[in-house]
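In case you want the letters, here they are:
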Amino acid sequence: MKHRASIFVEEAAILSHEACPGEQYILRLQAPRTAARARAGAFVHLQCDALLPMRRPLSIMRADAGAGWIELLYRVVGAGTRRLAQRRPGERLSVLGPIGRPFTLHDSHPRPLLIGGGVGIPPMIFLAQEIHQKNHRKLPGRTQPWHPLLLAGSETPFPFKPRPSQILIPSLPPEVIAAIPLMEDWGIPSRLASGQGFPGCHDGYVTELARLWLAALDETALAEVEIFACGPHPMLAACARLAREFGRPCQVSLEEFMACAVGGCAGCTVAVRTPRGPAMQRVCVDGPVFDAETVFR
Amino acid sequence: MTETRDGKAASDMLAVDFCGMDFATPLVLLSGCVGFGEEYTRVAGFSNRDVGAVCLKGTTLEPRLGNPPHRVCETPMGMLNAIGLQNPGVRHVVEEILPGLDFSETRFIANVSGSTVEEYAEVTRIFDDSPIDAIEINISCPNVKEGGVAFGNDPDMSARVVEVCRAATRKPLITKLSPNQTDIAENARRCIEAGTDAFAVINTLMGMAIDIESRTPVIGNNQGGLSGPAIKPVALLKVHQVYQVCRGHGIPIIGQGGVASAEDALEFLIAGASAVGVGTALFYDPLVCPRINEGIRAYLQRHGLSEVGQLTGTLVLND
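Residues numbered from 1 in each chain as written. Chains lettered and ligands numbered in written order. Predicted model: local features only at pLDDT ≥ 70, side-chain atom pairs only at ≥ 80, totals over all residues. Heavy atoms only, no water.

(A) How the structure looks around the overall build of chain A. Helix and strand counts for chain A come out as 8 helices and 17 strands. The C-alpha radius of gyration of chain A comes to 19 Å, within 12% of the 19 Å expected for a compact globule of 297 residues. With respect to the three principal axes, the spread of C-alpha positions in chain A is 55 × 45 × 45 Å. Looking at the 297 residues of chain A, the share that counts as buried comes to 60%. Within chain A, counting contacts between residues at least 6 apart in sequence, those at least 24 apart form 66% of the total. Here chain A has roughly 12700 Å² of accessible surface; of this, 53% comes from carbon and sulfur atoms. (Helix = DSSP H or I, 4+ residues; strand = E, 2+ residues; numbered from the N terminus. Rg over C-alpha atoms; globule rule 2.2 N^0.38 Å. Buried < 20%, exposed > 50% of the residue type's maximum accessible area, 1.4 Å probe, protein only. Contact = heavy atoms within 4.5 Å. Areas by Shrake-Rupley, 256 points an atom, 1.4 Å probe, with all protein chains shown as cover.)

Have a look at this one:
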């Protein structure tokens, strides 16, 4: 079987564990085998605490294959993440990963629109990293082939300090200038949205920004767009509607309560449409990335 | 390879003859935890060779989509599940999945379910005409509206299901008993009369978890089956009770429910099990089986025993 031995169990040392506003944490783990194989959209299944009988799935925000680390961003939402938040640098956590079907970039669609909501932002950072690396590997003298835009929305404070963007996006309102610092460093345009009145952010839904941007593209540019989204279910549904309205392909990353995370228990399924009719597919190994049309139509 | 005092190779110490099947170790991966036998091989270091047998996902005559989400949730030292027997139907399993399994790795056991007695018989008959090593009758699934535990809680119906399955196959027949019944020993007696070759004890306990904010059950099916360390004491008592019925008939038991360590497995063997099921523990530690094997082997050596079967039913009750 081609999938054999594609997921690793690693006793990963915590390299850093940074508390951010809104009970959010950035966790960096030394997990070289996972880091070497991780792709944007993949996740890890973590032992948070010896007293909890189940692991917790967390998406990967960044990976450095050379240095052998992975970085996760999570918000405290229950018993598992609450206990995870108490773990200190130097301690070890059992990591099962990397798991799942990742996002797929298509050369025919070099204008990826990345939309992240809340704790759905991390996979979008990872996808932006992959795009940045693709652009970075370009031959000298060539123009950058990929033109991504990352839009992120959150109702809790962002887990980074937004920075006024130096990258102009003419089709978006000029007062919407808050951007993700890492994206600025990478030269990737990004903008933020929130209903909480955070400075420089769009006052509303992230998908409203997406609509403005899509509507301003000419036909040639629009044909180069593919949408990638991760976030709360209503946001993903809105992304799917947007994709349909503009006739663009859309990949969404889903989450569901999970037990085994390797395809054994069928505990994390979602209803999808397939050419052979309705089916229940596993978020862990059939996803977590799905074609939005199969999930939301 | 290390040898014991009577010269038996350490690897053979764990071998078990279960209804004529040669189990390499007493461990059995439980139905519903490992899909159709290949899923866990995704994990580097995992091998089906580390267990005596693998029970495949519960299978019905026609495909089933299963229950709506959420299908699983954590509870104190355990978890609830209500998958609802999602499976592609027995014909697909026999024609498309079994040919892909490597039968040199371990013994593969089908798990048969149905909403009528006739369906149990038909699914069993189709598996009988396949390379599957044995058939487990699931009369204890708590997560379907028809069949399942509704049959398993009624000794007459349990016996009736075993009888028709017995008539449909000559392969070893294992009856998976429910803990959700008044007298599991009486049910076991009836199933032995009806022709079962072995028992799996126990299936999950029925339970519920409630989201206090929405005041709704967490599980989409409202109720589910409880597994994990939380149910181990219940399972041990049930194995002990069923063993009292089985010992005179030479009927072996797969003891299961919350096994996560060698010590857990040893408790089940001492209580009367000939083999030990591992399920929920895999979710926490996919590589738990080789560790359990190693711990059992060390125990046998420490106690001067040459094979694991010598432990079965060695429980000494207090006066």
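(B) Structural context of helix α3 (residues 121–136) of chain A. Residues and elements named next belong to chain A. The terminal C-alpha atoms of α3 lie 22 Å apart, and with 16 residues this matches the ideal 22 Å at 1.5 Å per residue to within 8%. Considered for burial, the residues of α3 that qualify are Ile 121, Pro 122, Pro 123, Met 124, Ile 125, Phe 126, Leu 127, Ala 128, Gln 129, Glu 130, Ile 131 and Asn 135. On the buried face of α3, the contacting elements are β4 (56–64), β5 (69–75), β7 (111–117), β8 (149–153), α4 (181–186) and β13 (225–230). (Expected span 1.5 Å × (residues − 1).)

(C) Examining the interface of chain B and chain A more closely. The interface is formed by 32 residues belonging to chain B together with 36 residues belonging to chain A. Of all residues in chain B, the largest losses of buried area upon contact with chain A belong to Arg42(B), Glu74(B) and Tyr284(B), amounting jointly to 29% of the total for that side. In this assembly, chain B and chain A are joined by 4 salt bridges. In this structure, the salt-bridge partner of Glu38(B) is Arg4(A), at a minimum N-O distance of 2.7 Å. Joining chain B to chain A, the criterion identifies 22 residue pairs in polar contact (both at pLDDT 80 or more). Looking at the side of chain B that touches chain A residue by residue, the class counts come to 17 nonpolar, 8 polar and 7 charged. (Buried area = accessible area lost by both parts, 1.4 Å probe. Salt bridge = Lys/Arg side-chain N within 4 Å of Asp/Glu carboxyl O. Polar contact = N/O pair within 3.5 Å; in protein donor to acceptor, adjacent residues only side chain to side chain. Nonpolar A, V, L, I, M, F, W, Y, C, P; charged D, E, K, R; others polar.)

(D) Representation of the pattern of salt bridges in the model. Counting across every chain of the model gives 26 salt bridges over all chains. Taking the shortest distance from any N to any O, the salt bridge between Asp49(A) and Arg83(A) comes out at 3.5 Å. Taken together, the residues span a long stretch of sequence, with Asp49(A) in the loop between β3 (43–46) and β4 and Arg83(A) in helix α2 (residues 79–84) at a distance of 34 residues. Close ionic contact of Glu245(A) with Arg211(A) constitutes a salt bridge, the shortest N to O distance being 2.6 Å. Of this pair, Glu245(A) sits in helix α7 (residues 233–245) while Arg211(A) sits in helix α5 (residues 206–216), and the two are 34 residues apart along the sequence. With a relative accessible area of 47%, Glu245(A) lands in the partly exposed category. Three or more residues joined by partner-sharing salt bridges are found here, namely Arg282(A), Asp286(A), Glu39(B) and Arg42(B).

(E) Looking closely at the sheet that holds strand β3 (residues 27–29) of chain B. Residues and elements named next belong to chain B. The sheet built from 8 strands closes into a barrel, its strands ordered β3-β4-β7-β8-β9-β10-β15-β16 with parallel pairing. When the angles between neighbouring strand axes are averaged without regard to direction, this sheet yields 25°. Pairing analysis gives 3 bridges linking strand β15 (residues 253–256) to strand β16 (residues 275–278), with the strands arranged parallel. Residue Gly 255 lies in a different strand from β16, and its bridge partner there is Val 276. Sheet strands in contact with helix α10 (residues 288–302) are β3 and β16, and its direction is about 165° off that of β3. (Pairing = 2+ DSSP bridges. Axes fitted to C-alpha atoms, helices over the stretch in contact; angles between N-to-C directions.)

(F) Representation of the nonpolar core within the structure. By size, the foremost hydrophobic cluster in this structure holds 155 residues, and its most contacted members are Leu113(A), Leu214(A), Phe127(B), Phe199(B), Val278(B), Leu282(B) and Ile296(B). Three or more residues apiece are contributed to this core by two domains, here domain 1 (2–99) and domain 2 (111–255) of chain A. Residues within four places of Phe127(B) in sequence aside, it is in contact with Thr59(B), Val90(B), Val93(B), Val94(B), Leu98(B), Ala110(B), Val112(B), Ile132(B), Ile135(B) and Lys171(B). (Core = buried A, V, L, I, M, F, W, Y, C linked by side-chain atoms within 4.5 Å. Domains from an automatic or database assignment.)

(G) Looking closely at the packing of aromatic side chains. Under the definition given, this model contains 8 aromatic pairs over all chains. Centre to centre, the rings of Phe103(B) and Phe108(B) are 5.2 Å apart; their planes meet at 70°, and the pair counts as edge-to-face. Taken as a pair, Phe103(B) and Phe108(B) share a single burial class, namely buried. Ring pairing ties together the aromatic residues Phe158(A), Phe160(A) and Phe198(A), which thus form one cluster. Across from the ring centre of Trp69(A), 3.7 Å away, lies the NZ or CZ of Arg28(A), which sits over that ring. (Phe/Tyr/Trp six-rings, centres within 6.5 Å; stacked < 30°, edge-to-face > 60°. Lys NZ or Arg CZ within 6 Å of the ring centre and 35° of its normal.)

(H) Representation of the sheet that holds β5(A). All names here are of chain A. On the basis of which strands lie adjacent, the closed barrel formed by 6 strands has the order β1-β2-β5-β4-β3-β6 and antiparallel pairing. The sheet shows a mean angle of 45° between the axes of neighbouring strands, direction not considered. With 4 bridges joining them, β3 and β4 adopt antiparallel strand pairing. Within β4, the position partnered with Phe 43 by the bridge is Ser 59. Taken strand by strand, α3 contacts β4 and β5, and its axis lies near 25° from that of β4.

(I) Up close: the pairing of strand β9 (residues 173–177) of chain B. Residues and elements named next belong to chain B. Of all the 5 residues making up β9, 5 are buried; the element is thus mostly covered by neighbouring parts of the structure. Across the two faces of β9 the burial is the same, with Leu 173, Thr 175 and Leu 177 and Ile 174 and Lys 176 all buried. The sheet contact formed by strand β8 (residues 134–138) and β9 spans 4 bridges and is parallel. Bridged to Ile 135 within β9 is Leu 173. Pairing geometry for β9 and strand β10 (residues 198–201), over 4 bridges, is parallel.

(J) Structural view of the side chain of Thr204(B). Mapped onto the elements, Thr204(B) comes out in the loop between β10 and β11 (205–207). One polar contact links Thr204(B) to Asn203(B), side chain to side chain, over a distance of 3.4 Å.

(K) Quick look at the packing of helix α3 (residues 117–128) of chain B against helix α5 (residues 155–168) of chain B. All names here are of chain B. Where α3 meets α5, the closest approach of the two axes is 8 Å, and the angle between their N-to-C directions is 30°. When the axes of α3 and α5 are compared, the pair comes out roughly parallel. Here α3 and α5 pass one another in a crossing that is right-handed. Facing α3, whose interface residues are Val 117, Tyr 120, Ala 121, Thr 124, Arg 125 and Asp 128, α5 presents Met 157, Arg 160, Val 161, Val 164, Cys 165 and Ala 168. Looking at the contact of α3 with α5 residue by residue, the classes come out as 8 nonpolar, 1 polar and 3 charged. (Parallel < 35°, antiparallel > 145°, perpendicular 65-115°, else oblique. Left-handed = near helix turned anticlockwise from the far one by under 90°.)

(L) Geometry of the domain arrangement of chain A. All names here are of chain A. Under the domain assignment, chain A is made up of domain 1 (2–99) and domain 2 (111–255). Taking only C-alpha atoms into account, the centre of domain 1 sits 25 Å from that of domain 2. Around 1400 Å² of area is buried between domain 1 and domain 2 when both sides are counted, 63% of it from carbon and sulfur atoms. Across the contact surface, domain 1 and domain 2 share 1 salt bridge. At the surface where domain 1 touches domain 2, the tally comes to 6 residue pairs in polar contact (both at pLDDT 80 or more). Looking at the side of domain 1 that touches domain 2, the element that brings in the most residues is β4, giving 5 residues. Class assignment of the residues belonging to the side of domain 1 that touches domain 2 gives a composition of 10 nonpolar, 4 polar and 3 charged.

(M) Up close: α10(B). Its 15 residues give α10(B) an end-to-end C-alpha distance of 21 Å, which sits within 8% of 21 Å, the value for a rise of 1.5 Å per residue. Within α10(B) the residues assigned to the buried category are Val288(B), Cys289(B), Ile292(B), Asn293(B), Ile296(B), Arg297(B), Tyr299(B) and Leu300(B).

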